[in-house]
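Descriptive analysis of the structure
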Amino acid sequence: RKEVEQDPGPFNVPEGATVAFNCTYSNSASQSFFWYRQDCRKEPKLLMSVYSSGNEDGRFTAQLNRASQYISLLIRDSKLSDSATYLCVVNAAGGFKTIFGAGTRLFVKA
Amino acid sequence: NAGVMQNPRHLVRRRGQEARLRCSPMKGHSHVYWYRQLPEEGLKFMVYLQKENIIDESGMPKERFSAEFPKEGPSILRIQQVVRGDSAAYFCASSPSGQTKASGANVLTFGAGSRLTVL
């Protein structure tokens, strides 16, 4: 089983749609969680950290469910510029490795 | 702030040659991480270094790959006797402090990557 699993997609949505991605992780000792965004042939960039209480940044909402070991990202009012690969990222307590999921591709169309 | 600088951006090597990829962390960052990304795949952790120390190299292949982060100068990822399967994008990231049990994960800032093509 992969340490971090994501649905690869692609998700094809029209502008203005709401889209949700889920991610599961295998290490119950994981402590830190993030969503990164990666554009085609570019480096990953931090989108947002994910907290147990859930957090929101504009059109983006992240949730963490420790009991089920999954993380979600909700994007409201999708923009063309949201088209990218979204990477679920997990770091285990006491570990040095930050583990990246393989990513979920999103295409937002006019 | 120049960010994380990687060079070369593109490198072409023939099978059996050596590849050297360099990474200069962000100013003020003393921790460097190398990741490899194969086409259509996610990033795979390779190694985590501090100045003059390898902290975790559990993701490094046992042979042909080595990494260093000297007291002066950039971190270097070295691949000896390259094979076609080494073709990938190699990303370097840095953080201001290390990832410890107490501190948890620090946000990583990535360089633009070095794309290695082995002919």
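Here, the structure is the one placed above.
Residues numbered from 1 in each chain as written. Chains lettered and ligands numbered in written order. Predicted model: local features only at pLDDT ≥ 70, side-chain atom pairs only at ≥ 80, totals over all residues. Heavy atoms only, no water.

Now for the side chain of A:Asn55. All names here are of chain A. With respect to the helices, strands and loops of the structure, Asn 55 is situated in strand 6 (residues 55-57). Given a relative accessible area of 15%, Asn 55 falls into the buried group. Among the polar contacts listed, one links the side chain of Asn 55 to the backbone oxygen of Ser 49, at a separation of 2.6 Å. A polar side-chain atom of Asn 55 sits 3.1 Å from the main-chain amide nitrogen of Tyr 51. When residues no more than four places from it in sequence are discounted, the contact partners of Asn 55 are Met 48, Ser 49, Val 50, Phe 60, Thr 61 and Ala 62. (Helix = DSSP H or I, 4+ residues; strand = E, 2+ residues; numbered from the N terminus. Buried < 20%, exposed > 50% of the residue type's maximum accessible area, 1.4 Å probe, protein only. Polar contact = N/O pair within 3.5 Å; in protein donor to acceptor, adjacent residues only side chain to side chain. Contact = heavy atoms within 4.5 Å.)

Take the sheet that holds strand 8 (residues 75-79) of chain B next. All names here are of chain B. Spatial strand order, 1-3-8-7: four strands in an open sheet with antiparallel pairing. The strands lining the two open edges of the sheet, one partner per strand, are strand 1 (5-7) and strand 7 (65-68). Sheet twist, expressed as the average angle between the axes of neighbouring strands with direction ignored, equals 15°. Here three bridges tie strand 1 to strand 3 (residues 19-24), and the two strands are oriented antiparallel to one another. Following the sheet pairing, Asn 7 is matched in strand 3 by Arg 22. (Pairing = 2+ DSSP bridges. Axes fitted to C-alpha atoms, helices over the stretch in contact; angles between N-to-C directions.)

Bringing the environment of A:Pro44 into the picture now. Relative to the helices and strands, A:Pro44 resides in strand 5 (residues 44-50). What makes A:Pro44 buried here is its relative accessible area of 2%. Expressed as a C-alpha distance, the spacing of A:Pro44 and A:Thr85, which sit 41 residues apart in the sequence, is 9.0 Å. Leave out the neighbours within four places in its chain, and A:Pro44 touches A:Tyr36, A:Arg37, A:Gln38, A:Leu87, B:Leu43, B:Phe91 and B:Phe110.

All right, on to the state of the cysteines then. Per the stated rule, a full pass over the model turns up two disulfides over all chains. Two residues, A:Cys23 and A:Cys88, share a disulfide whose sulfurs are 1.9 Å apart. When the S-S torsion is -75°, as for the bridge of A:Cys23 with A:Cys88, the disulfide is left-handed. You can see A:Cys23 sitting in strand 3 (residues 19-25) and its partner A:Cys88 sitting in strand 9 (residues 84-92), a full 65 residues away along the chain. As far as the burial class goes, A:Cys23 and A:Cys88 line up, both buried. The residue that forms a disulfide with B:Cys23 is B:Cys92, at a sulfur-sulfur distance of 1.8 Å. (Disulfide = S-S within 2.5 Å.)

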